[in-house]
Amino acid sequence: MTVDSSAASEPRRSAAGKAGTTGSKTGTKRTTRTTSRSTTRTTTRSSTRTSAEPELVQLLTPEGKRVKNAEYDAYVAGITPEELRGLYRDMVLTRRFDAEATALQRQGELGLWASLLGQEAAQIGSGRATREDDYVFPTYREHGVAWCRGVDPTNLLGMFRGVNHGGWDPNSNNFHLYTIVIGAQTLHATGYAMGIAKDGADSAVIAYFGDGASSQGDVAESFTFSAVYNAPVVFFCQNNQWAISEPTEKQTRVPLYQRAQGFGFPGVRVDGNDVLACLAVTRWALERARSGEGPTLVEAYTYRMGAHTTSDDPTRYRGDEERLAWEAKDPILRLRRYLEASNHADDGFFTELEAESEALGRRVREAVRAMPDPDKFAIFENVYADGHALVDEERAQFAAYQASFADVEGV
């Protein structure tokens, strides 16, 4: 299957950091905010609603051409050809894993799957920007970030196969459990960030959520607490344009990154299909958090090329022309073009990677089908510290139900 184009310090200081220079796809205002530790200047000018591409931080064009950016070039200035190939490998293998999981769901091996197709650059770029001692709070779609944090991809599938509750040791990789409740993880991340700040650590926290989750009260509360307590947290919003079937225009009247201004911290919009830009912007935001300058909102402007989950049919609410336009901005193809044009990768690299991706697909299939069924009665254990009459009654009823199948089979 070809997947390369279709992975004890000083107390914290309260200070406002610099914001990125970005713009609006829709709405009637564009705001550029430049801040420093001593001054804040906000400039607002009216603009008309246009269909032009939004202004955002971009280092690689869709054609794979490197463009300069005075603010963020420094954060990827030392990147080597080997590291660039590593970013490409991460994205290809993450897409291969995601495609295999989608196929397994279609074959009845998984109950549900939330695909990241099209969002590989946002996840790999931001994931590779984290340090080992940083802590990550994901939603349920951050398969690429999990890959970057060293989580075995097969561990992500148990919950979707229905053999466990989606558990792994989050402290092993500083990668929290997948969060199904929309937006709840931003509160968890804010509290954790406030805690490590009190501990005097110089690590940072990053919380992932989608454009739809930005409408949740939990996210607004997280913004408030993180700003007031100067928490070292980066809010990374993957704006993939659709909250299931609701477009971003139904979620906000201003670009999402501008919401941070009302809470007192900077926001920046980055090209979410540009892995270099995502890496650079997230490094900046995390360094800002570690140095005691508080939270940042990063809006990765990307696109969900597939369905929201495998229970969704995106053809009912969006047209093919939109999808085709975004496929032309494919994050993997973009980096491949740059690697080839820069002579940073040859045919041997791509051929070897293709074989590696197929091996990953086989491993995932075999691992899922080998997952043992859970003990049917385990659900009744550890509900209470001691025995409980109601649980005992329910266990007995379930045992009788299970036994009824054995009686039928024996006839």
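Thresholds applied
- Residues numbered from 1 in each chain as written.
- Predicted model: local features only at pLDDT ≥ 70, side-chain atom pairs only at ≥ 80, totals over all residues.
- Heavy atoms only, no water.
- Buried < 20%, exposed > 50% of the residue type's maximum accessible area, 1.4 Å probe, protein only.
- Helix = DSSP H or I, 4+ residues; strand = E, 2+ residues; numbered from the N terminus.
- Right-handed = clockwise from strand over helix to strand, strands pointing away.
- Pairing = 2+ DSSP bridges.
- Polar contact = N/O pair within 3.5 Å; in protein donor to acceptor, adjacent residues only side chain to side chain.
- Axes fitted to C-alpha atoms, helices over the stretch in contact; angles between N-to-C directions.
- Core = buried A, V, L, I, M, F, W, Y, C linked by side-chain atoms within 4.5 Å.
- Contact = heavy atoms within 4.5 Å.
- Left-handed = near helix turned anticlockwise from the far one by under 90°.
- Nonpolar A, V, L, I, M, F, W, Y, C, P; charged D, E, K, R; others polar.

Caption draft 1: Summary view of the pairing of strand β5 (residues 233-239). In terms of burial, β5 is largely enclosed, as 7 of its 7 residues are buried. As a crossover connection, the stretch from strand β4 (residues 205-210) through helix α7 (residues 217-228) into β5 is right-handed. For β5 and strand β9 (residues 296-301), the ladder comprises 6 bridges, and the chain directions are parallel. Looking across to β9, one finds that Gln238 is bridged to Ala300.

Caption draft 2: Representation of the environment of Asp98. Residue placement: Asp98 occurs in helix α1 (residues 81-106). A relative accessible area of 3% means that Asp98 is categorised as buried. For the pair Asp98 and Ser115, spaced 17 residues apart in sequence, the C-alpha to C-alpha distance is 6.1 Å. Separated by 2.9 Å, the side chains of Asp98 and Trp113 make a polar contact.

Caption draft 3: Region of interest: the sheet that holds β9. With respect to topology, 5 strands assemble into an open sheet ordered β3-β4-β5-β9-β8, the strand pairing being parallel. Edge positions in the sheet fall to β3 (135-137) and β8 (267-271), since each of these pairs with one other strand and no more. On average, each strand axis in the sheet is tilted by 20 degrees relative to the strand beside it, whichever way the strands run. With 5 bridges connecting them, β8 and β9 associate as parallel partners. Each residue of the ladder has a partner; that of Val270, found in β9, is Ala300.

Caption draft 4: The nonpolar core, seen in detail. Counting 68 residues, the largest nonpolar core has Tyr88, Leu157 and Leu335 as its most contacted members. Contact partners of Leu335, with chain neighbours within four places excluded, come to Leu60, Leu84, Leu87, Tyr88, Met91 and Val275.

Caption draft 5: The arrangement of the packing of α1 against helix α12 (residues 347-369) in detail. One can describe the packing of α1 onto α12 by two numbers: an axis separation of 9 Å at closest approach and a directional angle of 35 degrees. When the axes of α1 and α12 are compared, the crossing they make is right-handed. Between α1 and α12, the contacting residues are Arg85, Tyr88, Arg89, Val92, Leu93, Arg96, Phe97, Glu100 and Leu104 on the first element and Phe349, Phe350, Leu353, Glu356, Ser357, Glu358, Leu360, Gly361, Val364, Arg365, Val368 and Arg369 on the second. Taken together, the residues that form the contact of α1 with α12 break down as 11 nonpolar, 2 polar and 8 charged.

Caption draft 6: The arrangement of the environment of Asp373 in detail. Checked against the element boundaries, Asp373 lands in the loop between α12 and α13 (389-410). Classification of Asp373 by relative accessible area gives exposed; the value is 69%. Between the C-alpha atoms of Asp373 and Gly162, which are 211 residues apart in sequence, the distance is 8.5 Å.

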